[in-house]
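Residues per chain, in single letters:
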Amino acid sequence: MKKKVIAVLLAATMACGLTACGSDGGDKSSDNSNNTSDDASKDNDASGDDASDDKGSDNSGSGDTIRLVNGKIEVDKHLKKLAEMYKEETGVTVEIESMGGGIDIQGTLKGYYQGDNMPDIFVNGGATDFSNWEGLLADMSDAAWASDTDAAYVDEEYGTIGFPYTVEAIGLAYNADILEKAGIDPSKLTGPSAIEDAFKTLDSKKEELGLDAVVGYCAEATNLYWSTGNHLFSNYVDGGLERDDTTYIDMLNDGGKLDTDRLTKFAEFVGLLNQYSDPSLLVSGTYDQQILNFASGKYAFVTQGSWIGATITSDDAEAYEAAGSFDVGMIPYAFEDGMDTILTNSPSWWSVFKDGNAEAAKAFLQWCSEDKAQEVLVDEAGFISPFASCTRVASDPFAQTIMDYQSAGKTSGWHWLGMKEGLAQNYTGQVFADYAAGNLDTAKFVETMQQVVSACYSAN
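The structure presented is a predicted model; accordingly, all values stated were derived computationally and were not measured.

Caption draft 1: Structural detail: the sheet that holds strand S3 (residues 121-124). An order of S2-S1-S3-S12-S5-S4 is seen for the six strands of this open sheet, with the pairing classed as mixed. Where the open sheet ends on each side, the last strands, each with one partner, are strand S2 (93-98) and strand S4 (153-155). Recorded for the sheet is a direction-independent mean angle of 30° between the axes of neighbouring strands. In the sheet, S4 pairs with strand S5 (residues 159-164) via three bridges, with the strands oriented antiparallel. Its bridge partner lying in S5, Tyr153 is registered against Gly162.

Following this line, the structure appears as structure tokens:
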């Protein structure tokens, strides 16, 4: 986390107001992940009815009242149910303030800070969000939940400052029914040759299997740069690594350095996606069409994360049912032999304001990690639990797959959240688009990627 003085925070707040200082950079990556989930549910279009500037928490330290700012409007009612349960059990009032849609959450929080109206618990989306609160967040390293998850947000200087409430995953999603019909065992797809052979088999059986294409991959650069420049590129950064391995993000943040050999292998794999994707989707498709076609059984694989489960079972439910409500799963983007991890993390975290009712807030978060609260969050809200001790499985189509990878210890981290601001939107997303359009071959993709990444990191 970069050092900041609180005067800088206040100056930025006054200069930008409540709308221009929103989260970006690493946390924008995470926000994009959230946005795909929120786009899928189509619920994130208004703030909760409890959102109000003049709702202050009792900051006397009594612990009688705490206030939580939530960034996922679609679970507002579930969090309010938790608050009712917690008050009945402990006597502590938890005020839920939900924000969504076009609300600039970080900008609003900065305004709250300036007005001495900070919530006790609030959402942060990634590195840049967390850096806004330098030295102002409580360390929860000693909490029991912190040793029960791999998805906490941990800062080198300030400790465990982010509580994960759900898990999302990035992998190459597949239609299990189609793979079974084609005689393909997804557990064997742990290297580029095996995956290429599977693609060839599926391509030869498209008519028999009712496929439009083997892969639903879209590299459109204006609206889906986040899908390629953040989520797909994240596999170059983290694919196949231990969760705490920061080798490639460290290189990237050291002036935009890339490992040419690793990037070349990654580029070759992306070339397979280009080759076997639906040509009508590849360079000009939309997110909605990509997911609808997968839900309809028209693709065997799709290059999106677990957040699409919400779309498949809601907006696209009719098409999904018509396609047989098929089982889904994920394989790693195995661009090197032996890669057997998918990338998992919380899309955002809840943090505790250390100058508020911190102890009461930490106690509530501990309770949220335990079974009574997990029953609501998993069984009703549909969250995939980040806690190893939780045995509940959400109804989300990808929940079991993620839990299987987690229990097997086969997950890598999301260090791509720490990439420089604007890297995907202004630089790498376009390179993926040019590669998909046939304007670059593999070698030129690698060369161009190195050039634009270096340019991004050398820019002010």
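Moving on from the coordinates now.
Caption draft 2: The arrangement of the packing of helix H20 (residues 423-436) against helix H21 (residues 442-458) in detail. The interhelical angle for the contact between H20 and H21, taken along N-to-C directions, is 170°, at an axis separation of 10 Å. Overall, the two elements H20 and H21 adopt an arrangement that is roughly antiparallel. Here Leu423, Tyr427, Thr428, Val431, Phe432 and Tyr435 of H20 come into contact with H21, specifically with Thr442, Phe445, Thr448, Met449, Val452, Val453, Ala455, Cys456 and Tyr457. Residues of the contact of H20 with H21, tallied by class, amount to twelve nonpolar, three polar and no charged.

Caption draft 3: Inspection of the pattern of salt bridges at higher detail. Counting across every chain of the model gives 15 salt bridges. Note that Lys72 and Glu74 form a salt bridge whose closest N and O atoms lie 3.2 Å from each other. When its relative accessible area of 5% is taken as the criterion, Lys72 is described as buried. Put simply, Asp371, Glu375, Asp379 and Arg392 are held in one network by salt bridges that share partners.

Caption draft 4: Inspection of the packing of aromatic side chains at higher detail. Inspection of the entire model under this criterion finds 30 aromatic pairs. An angle of 90° between the planes, with centres 6.3 Å apart, marks the rings of Tyr113 and Phe353 as edge-to-face. Separated by 240 residues along the polypeptide, Tyr113 in helix H4 (residues 105-114) and Phe353 in the loop between strand S12 (349-352) and helix H17 (358-368) bring together distant segments of the chain. A relative accessible area of 6% means that Phe353 is categorised as buried.

Caption draft 5: Geometry of the side chain of Asp129. Positionally, Asp129 belongs in helix H5 (residues 127-131). Polar side-chain contacts of Asp129 include one of 2.7 Å to the backbone nitrogen of Gly125.

Caption draft 6: Up close: the side chain of Glu134. Tracing the backbone through its elements, the reader meets Glu134 in the loop between H5 and S4. Here Glu134 falls in the buried class, since its relative accessible area comes to 12%. A polar atom in the side chain of Glu134 sits 2.8 Å from the side chain of Tyr158.

Caption draft 7: Representation of the nonpolar core. Core analysis: the biggest nonpolar cluster contains 143 residues, and Phe199, Leu202, Phe233, Leu252, Phe301, Phe364 and Met449 have the highest contact counts within it. Top element by residues in this core is helix H12 (residues 260-276). It accounts for eight residues. Among residues more than four places away in sequence, those in contact with Phe233 are Thr228, Leu252, Leu258, Leu263, Phe266, Met419, Phe432 and Met449.

What counts and what doesn't
- Residues numbered from 1 in each chain as written.
- Predicted model: local features only at pLDDT ≥ 70, side-chain atom pairs only at ≥ 80, totals over all residues.
- Heavy atoms only, no water.
- Pairing = 2+ DSSP bridges.
- Helix = DSSP H or I, 4+ residues; strand = E, 2+ residues; numbered from the N terminus.
- Axes fitted to C-alpha atoms, helices over the stretch in contact; angles between N-to-C directions.
- Parallel < 35°, antiparallel > 145°, perpendicular 65-115°, else oblique.
- Contact = heavy atoms within 4.5 Å.
- Nonpolar A, V, L, I, M, F, W, Y, C, P; charged D, E, K, R; others polar.
- Salt bridge = Lys/Arg side-chain N within 4 Å of Asp/Glu carboxyl O.
- Buried < 20%, exposed > 50% of the residue type's maximum accessible area, 1.4 Å probe, protein only.
- Phe/Tyr/Trp six-rings, centres within 6.5 Å; stacked < 30°, edge-to-face > 60°.
- Polar contact = N/O pair within 3.5 Å; in protein donor to acceptor, adjacent residues only side chain to side chain.
- Core = buried A, V, L, I, M, F, W, Y, C linked by side-chain atoms within 4.5 Å.

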